[in-house]
Amino acid sequence: VSRQAYVKLLSAADRKEVLDNNPQTLRRVRRITDRLVAQAVQLRPETRGWQWEVHVLKSKEINAWCMAGGKMAVYTGLIEKIKPSDDELAQVMAHEISHALLSHQAEKISRVQMQGAGLQLGVLAGAIAGYDLSGVAGLADSAATVALQLPNSREAESEADKVGMLLAARAGYNPQAAISLWEKMMQSSSGGPPEWLSTHPNPETRIGYMRTLAEEYR
């Protein structure tokens, strides 16, 4: 389902000329994610069969995600506004990859199914990439899209922080970058996290937790 939604999303983004339009940025993102994926496969060998893939979408939104099955995207808003170092960008993508490794999307889909929630076409389509995709029939009500748009629980975010920092450290990236990344995120949103991180634990608690993990993973 993720694969089908991803293909539709990329097709729409390509038509709107917002897909991978900076080769240098795309190369940088893929260089970083390739190292992270190698470690993800070590952690969960069954994901070797996933068709891992990453693209860059032109959008002002500060965002990145990884669907179940290894389909990833990074928004230019994150790169341009946060200006992350390679170590910091690795922390972002490792965190998102960890959500997929930990099956958090499947958990969210299950919650929706249990609640019997109804979703209308077009409601979620624009939000997924920060631009209007309402014309892409079927994308908004796909399970993959639902999983991306529903907020994660704080427990899930803490799990992804821990596993993500471990993946990045194993890939050779500085675990201290998780702390500097969070501080940049806070500064970019006038003292509060962007909507992308709104369900994360309290910032002070989270940074303290990251400092402990960073020392361990270093």
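Residues numbered from 1 in each chain as written. Predicted model: local features only at pLDDT ≥ 70, side-chain atom pairs only at ≥ 80, totals over all residues. Heavy atoms only, no water.

### A closer look at the nonpolar core
Point 1. Ranked by size, the top nonpolar core spans 33 residues in total, and within it Leu36, Trp52, Met72, Leu78 and Ile97 carry the most contacts.
Point 2. Counting only elements with at least two residues in this core, the list comes to helix H2 (23-43), strand S1 (53-57), strand S2 (64-66), strand S3 (71-75), helix H3 (76-82), helix H4 (86-101), helix H8 (154-170) and helix H9 (177-188).
Point 3. Leu36 has contacts with Ala90, Met93, Ala94, Ile97, Leu167, Ala168, Ala171 and Tyr173, leaving out every residue within four places of it along the chain.
Point 4. Within the second largest apolar cluster, twelve residues are counted, among which are Tyr6, Leu9, Leu19 and Met67. (Core = buried A, V, L, I, M, F, W, Y, C linked by side-chain atoms within 4.5 Å. Buried < 20%, exposed > 50% of the residue type's maximum accessible area, 1.4 Å probe, protein only. Helix = DSSP H or I, 4+ residues; strand = E, 2+ residues; numbered from the N terminus. Contact = heavy atoms within 4.5 Å.)

### Some details on the sheet that holds S1
Point 1. Pairing is mixed across the open sheet formed by three strands, whose spatial order is S1-S3-S2. One side of each edge strand has no neighbouring strand; the edge strands of this open sheet are S1 and S2. Strand after strand, the sheet turns through a mean of 10° between neighbouring axes, direction not considered.
Point 2. In this fold helix H1 (residues 2-15) packs onto S1, S2 and S3, with an angle of close to 35° to the strand it touches most, S1.
Point 3. In this fold H4 packs onto S2 and S3, with an angle of close to 35° to the strand it touches most, S2. (Pairing = 2+ DSSP bridges. Axes fitted to C-alpha atoms, helices over the stretch in contact; angles between N-to-C directions.)

### Re H9
Point 1. Taking 1.5 Å per residue as the helical rise, H9 with its twelve residues ought to reach 16 Å, and the 16 Å between its terminal C-alpha atoms agrees with that figure.
Point 2. Of all the residues in H9, the buried ones are Ala177, Ala178, Ile179, Leu181, Trp182, Met185 and Met186. (Expected span 1.5 Å × (residues − 1).)

### Details of the side chain of His95
Point 1. The topology assignment puts His95 in helix H4.
Point 2. In this structure the side chain of His95 is engaged in a polar contact, spanning 2.9 Å, whose partner is the side chain of Asp161. (Polar contact = N/O pair within 3.5 Å; in protein donor to acceptor, adjacent residues only side chain to side chain.)

### So, H2
Point 1. With 21 residues, H2 ought to run about 30 Å at 1.5 Å a step, and its terminal C-alpha atoms sit 30 Å apart, in line with that.
Point 2. Buried within H2 we find Thr25, Leu26, Arg28, Val29, Ile32, Thr33, Leu36, Val37, Gln39, Ala40 and Val41.
Point 3. For H2, the N-terminal cap is Asn22; the gap from its side-chain oxygen to the backbone nitrogen of Gln24 is 3.1 Å.

### Quick look at the packing of aromatic side chains
Point 1. Scanning the model with the defined rule gives two aromatic pairs in all.
Point 2. Relative to Trp65, the ring of Tyr6 has its centre 6.1 Å away and its plane inclined at 85°; by these criteria the two rings are edge-to-face. Pair noted here: Tyr6 is in helix H1 and Trp65 is in strand S2, with a separation of 59 residues, a long-range link.
Point 3. Measuring from centroid to centroid gives 5.1 Å for Trp50 and Trp52, while their planes differ by 40°, and the two rings are tilted.
Point 4. Positioned above the aromatic ring of Tyr173 is the side chain of Arg35, whose terminal nitrogen or guanidinium carbon lies 4.1 Å from the ring centre. (Phe/Tyr/Trp six-rings, centres within 6.5 Å; stacked < 30°, edge-to-face > 60°. Lys NZ or Arg CZ within 6 Å of the ring centre and 35° of its normal.)

### Observations regarding the pairing of S3
Point 1. Most of S3 is tucked away: five of the five residues are buried.
Point 2. Going residue by residue along S3, you find Lys71, Ala73 and Tyr75 tucked away on one face and Met72 and Val74 tucked away on the opposite face as well.
Point 3. Bridge count between S1 and S3: five bridges; the pairing is parallel. Looking at S3, one finds that His55 is bridged to Ala73.
Point 4. In terms of strand pairing, S2 meets S3 through three bridges, oriented antiparallel.

### Points about the confidence of the model for the chain
Point 1. Averaged over every residue, the pLDDT of the chain is 79; residues scoring 70 or more account for 70%.
Point 2. Of all helices and strands in the chain, the one with the weakest mean pLDDT is helix H6 (residues 125-129) (42), whereas H2 scores best (97).
Point 3. Here residues 117-141 scores under 50 on pLDDT; set against residues more than four positions off or in separate chains, the count is 61 contacts. (pLDDT = per-residue confidence, 0-100.)

### A few points about the pattern of salt bridges
Opposite charge on two side chains makes pairing possible when the charged atoms of those side chains draw close.
Point 1. Summed over the entire model, instances satisfying the criterion amount to seven salt bridges.
Point 2. Glu46 is the salt-bridge partner of Arg44, the closest N and O atoms lying 2.6 Å from each other.
Point 3. Beyond isolated ion pairs, a larger network of salt bridges with shared partners links Arg28, Arg31 and Asp86. (Salt bridge = Lys/Arg side-chain N within 4 Å of Asp/Glu carboxyl O.)

### Notes on the packing of H4 against H9
Point 1. Relative to each other, H4 and H9 sit at 85°, their axes nearing to 8 Å. The angle between the axes of H4 and H9 places the two elements in the roughly perpendicular class. Taking contact as the criterion, the partners of Asp87, Glu88, Gln91 and Val92 in H4 are, on H9, Ala177, Ala178, Ser180, Leu181 and Lys184.
Point 2. By residue class, the composition of the contact of H4 with H9 is four nonpolar, two polar and three charged. (Parallel < 35°, antiparallel > 145°, perpendicular 65-115°, else oblique. Nonpolar A, V, L, I, M, F, W, Y, C, P; charged D, E, K, R; others polar.)

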